[in-house]
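Next come the chains, spelled out residue by residue.
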Number of protein chains: 2
Amino acid sequence: MAGNNRISKKDRQEKLKDVMKEDPFKNDEELAKDFGVSIQTIRLDRMELGIPELRERFRNAAEGNYDKVRSMVGAEIVGELIDLTLGEQGISILEPNEEMVFKKTNIVRGHHIFSQAESLAMAVIDADVALTGVANIKYLRPVYLGDKLVAKAEPVRVRGNKHFVHVKISVKQRQVFRGKFILVSLSMDMDDEDSE
Amino acid sequence: MAGNNRISKKDRQEKLKDVMKEDPFKNDEELAKDFGVSIQTIRLDRMELGIPELRERFRNAAEGNYDKVRSMVGAEIVGELIDLTLGEQGISILEPNEEMVFKKTNIVRGHHIFSQAESLAMAVIDADVALTGVANIKYLRPVYLGDKLVAKAEPVRVRGNKHFVHVKISVKQRQVFRGKFILVSLSMDMDDEDSE
DNA sequence: ACTGTTTTTATGACTAGGTACTAATTATTA
DNA sequence: TAATAATTAGTACCTAGTCATAAAAACAGT
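Residues numbered from 1 in each chain as written. Chains lettered and ligands numbered in written order. Predicted model: local features only at pLDDT ≥ 70, side-chain atom pairs only at ≥ 80, totals over all residues.

A closer look at the overall build of chain A
The cut-off we apply is this: The secondary structure listing takes helices from DSSP runs of H or I that are at least 4 residues long and strands from runs of E that are at least 2 residues long, numbered from the N terminus. Counting other C-beta atoms within 10 Å of each residue's C-beta, where C-beta atoms are placed from the backbone, gives the exposure class: buried for 20 or more, exposed for 12 or fewer, partly exposed between. By definition, residue pairs are in contact when their C-beta atoms, positioned from the backbone, come within 7 Å.
The number of helices and strands found in chain A is five helices and six strands. Along chain A, helices (α) and strands (β) appear in the sequence α-α-α-α-β-β-α-β-β-β-β when read from the amino end. Counting over 196 residues, chain A shows a buried share of 30%. In chain A, 64% of the contacts between residues at least 6 apart in sequence involve partners at least 24 apart.

Written out as structure tokens, the structure reads:
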């Protein structure tokens, strides 16, 4: 038994995966030095783990994040719009990622759930531009990483430029959030006073 | 009699800049074809305009966005924490950027304001881990790109593991948002059986 | 038409960070 | 000890460039 400080292949590959998550922008040479093995070993490890080469990682991160930033904070709607009937109903799905949770507990931060709800509420009302006036919300139970959030929005009343929308979010049929929003539409030139 | 469709160098470079903004992930070969010139011409143009090579553009986008995502959605607190006295008061400042606003109107999307408020509310209570249970909020007036949001959070009551926190957000001393949060601390094991 | 200048294209040598493959060496295990 | 697994070495090739040099083409001015 060589009193070597070499670790097993399995352990090395596990650690490699961790390193890639922490800092995905290291080339094989640097990784080889980090682990005290040859470049070829790192390449073999990457292949076995299905980790692409540095440039592709850059490419993925660039394109992925390009979308991510837009879809996470800049998007018209937070989550994926599944179904929409203007003025009647809207459904969106949000699959939280690690960046949306508290590291300690893996519980999804409330404001992401709120964002899904609010943006869906905005989408479902039949107005060009709208702002949220009032929101009354309740988080019914914690949502964990891996849960799939299904939001359902339903406009319940329109009075002048005020739209009342209820949003329910569930995980596996179990409700985790409810919100009542009053949205104010800003399209003044559009005059649709109607039923209450 | 070259009825040539060639455009001037200047025009080409202007258009090149536009293309780079729209789709920064084209290589020189594709660009050359787009413009009907040789690869070398594109390279000269890039040099004169100071546009780096494709891989570096990937790199910049990847690293830039990496940070952005972390700081915009992954942060412990949305905005910059200015002052904090646990259990008494907290102040944070958020300067919205273009990605936080509606393109049409330059009005800040509600959920960013909510996020600032909620995360500050969480920070100000004296608990290890907390979740939002209920929020009652009102957007008093629209916030525009360029406005500086000053949020002030104040815990008003504690009952068991429930913390009541009021948050006010102002722009230039003028209130734009108010929210009442009931946060549930998890320091003791949380009983999430909540009757409706 | 003949220069002079700018613009464009071509060519060759070199680079990083790889892939894909073969072969050899070193460790571990039956 | 032989068989198997893990590691290292080495080669040819690839992409998407860089840098430098040179030649060709286009556009003026006179």
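Quick word on the pairing of strand E1 (residues 80–85) of chain A
Taken residue by residue, a regular strand's side chains alternate between the two faces of the sheet. All names here are of chain A. Let me state the cut-off plainly: At least two bridges found by DSSP between two strands are what make those strands a pair.
Here E1 pairs with strand E2 (residues 89–94) via five bridges, running antiparallel. Considered in E2, the bridge of Leu 84 is made with Gly 90. Between E1 and E2, which follow one another and run antiparallel, lie three residues, and Gly 87 among them has a positive phi close to 80°.

Some words on the protein's contact with DNA strand D
How we decide: We call a residue near a molecule or strand when the C-beta position, derived from backbone atoms, sits within 6 Å of it. Residues are grouped as follows: Ala, Val, Leu, Ile, Met, Phe, Trp, Tyr, Cys and Pro are nonpolar; Asp, Glu, Lys and Arg are charged; all remaining types, including Gly, are polar.
Taken together, 13 residues surround DNA strand D, and among them A:Val37, A:Thr41, B:Asn27, B:Glu53 and B:Leu54 come closest. For the surface near DNA strand D, the secondary structure elements donating two or more residues are helix H3 (39–49) of chain A together with helix H3 (39–49) of chain B. Residue contributions to the surface near DNA strand D peak at three residues, all from H3(A). Taken together, the residues of the surface near DNA strand D break down into four nonpolar, four polar and five charged.

Some words on the environment of B:Leu31
Residues and elements named next belong to chain B. Within the fold, Leu 31 resides in helix H2 (residues 28–35). By the C-beta count within 10 Å, which is 22 here, Leu 31 ends up buried. On a C-alpha basis, the gap between Leu 31 and Met 20 in space is 9.7 Å, while along the polypeptide they are 11 residues apart.

Some details on the protein's contact with DNA strand C
Around DNA strand C sit 13 residues in total, of which A:Asn27, A:Glu53, A:Leu54, B:Val37 and B:Thr41 are the nearest. Of the residues in the surface near DNA strand C, the class split is five nonpolar, four polar and four charged.

Some words on the nonpolar core
In summary, soluble globular proteins display a tendency toward joint burial of nonpolar side chains. Defined as follows: Core membership is restricted to buried Ala, Val, Leu, Ile, Met, Phe, Trp, Tyr and Cys residues, and these are joined into a nonpolar core through C-beta atoms within 7 Å.
Counting 59 residues, the largest nonpolar core has A:Ala121 and B:Ala121 as its most contacted members. With residues up to four places along the chain from it excluded, the contact list for B:Ala121 reads B:Ala153, B:Val165, B:Val167, B:Phe181 and B:Leu183. Core analysis: the next-biggest nonpolar cluster, separate from the first, contains six residues, A:Phe58, A:Ala62, B:Phe58 and B:Ala61 among them.

Notes on the environment of B:Lys9
With respect to the secondary-structure elements, B:Lys9 resides in helix H1 (residues 9–22). Linking B:Lys9 and B:Thr41, residues 32 residues apart in sequence, is a C-alpha distance of 9.5 Å.

Re the confidence of the model for chain A
All names here are of chain A. Inclusion rule: Scored from 0 to 100, pLDDT reflects the predictor's confidence in each residue.
With 86% of its residues at a pLDDT of 70 or more, chain A has an overall mean of 86. Predicted confidence in chain A is weakest over helix H4 (residues 54–74), with a mean pLDDT of 70, and strongest over strand E5 (residues 162–171), with 97. The low-confidence segment residues 188–196 (pLDDT under 50) makes four contacts with residues lying over four places distant or belonging to another chain.

A short note on the sheet that holds strand E6 (residues 174–185) of chain A
Selection criterion: For helices, the fitted axis covers only the stretch in contact; all axes are lines through C-alpha atoms, and the angles between them, taken along N-to-C directions, range from 0 to 180 degrees.
Within the open sheet, the 12 strands sit side by side as E1(A)-E2(A)-E4(A)-E5(A)-E6(A)-E3(A)-E3(B)-E6(B)-E5(B)-E4(B)-E2(B)-E1(B). Their pairing is antiparallel. Each of the sheet's edge strands pairs with one partner strand only, and the pair in question is E1 of chain A together with strand E1 (80–85) of chain B. Across the sheet, the axes of successive neighbouring strands diverge by a mean angle of 20°, strand direction being ignored. As paired elements, E2(A) and strand E4 (residues 149–159) of chain A share five bridges and run antiparallel to each other. Directly across from A:Ile93, in E4(A), lies its bridge partner A:Val150. Along the sheet face, helix H5 (residues 110–124) of chain B touches strand E3 (130–139) of chain A together with E1, strand E2 (89–94), strand E3 (130–139), strand E4 (149–159), strand E5 (162–171) and strand E6 (174–185) of chain B and points at about 45° away from the line of E4(B).

Examining unusual backbone geometry
Not every positive phi belongs to a glycine, and A:Gln173 is a case in point at roughly 65°. Note that A:Gln173 resides in the loop between E5 and E6. Residue classification places A:Gln173 among the exposed positions, given that 6 C-beta atoms sit within 10 Å. Despite not being glycine, B:Asn106 shows a phi value in the positive range, around 65°. As for its placement among the helices and strands, B:Asn106 is situated in the loop between E2 and H5.

Observations regarding the packing of helix H5 (residues 110–124) of chain A against H5(B)
Here is the rule: Note on angle classes: values under 35 degrees are labelled roughly parallel, values over 145 roughly antiparallel, values of 65 to 115 roughly perpendicular, and the remainder oblique. Whether a crossing is left-handed or right-handed is set by the direction in which the near helix is turned from the far one by less than a right angle, anticlockwise for left-handed and clockwise for right-handed.
As a packed pair, H5(A) and H5(B) sit with axes 9 Å apart at the nearest point and diverge in direction by 155°. The orientation of H5(A) relative to H5(B) falls into the category roughly antiparallel. Two packed elements cross with a definite hand, and for H5(A) against H5(B) that hand is right-handed. Residues A:Gly110, A:His111, A:Phe114, A:Ser115, A:Glu118 and A:Ser119 of H5(A) touch H5(B), and the partners they reach there are B:Gly110, B:His111, B:Phe114, B:Ser115, B:Glu118 and B:Ser119. Considering only residue class, the contact of H5(A) with H5(B) consists of two nonpolar, eight polar and two charged.

Quick look at the packing of helix H1 (residues 9–22) of chain A against H3(A)
A pair of packed helices can be characterised by two numbers: the angle between their axes and the separation between those axes. All names here are of chain A. Orientation of H1 relative to H3, taken along the N-to-C sense of each, is 75°, at an axis distance of 10 Å. One way to sum up the angle between H1 and H3 is to call them roughly perpendicular. Contacts between H1 and H3 involve Arg 12, Gln 13, Leu 16 and Lys 17 from the first element and Asp 45, Glu 48 and Leu 49 from the second.

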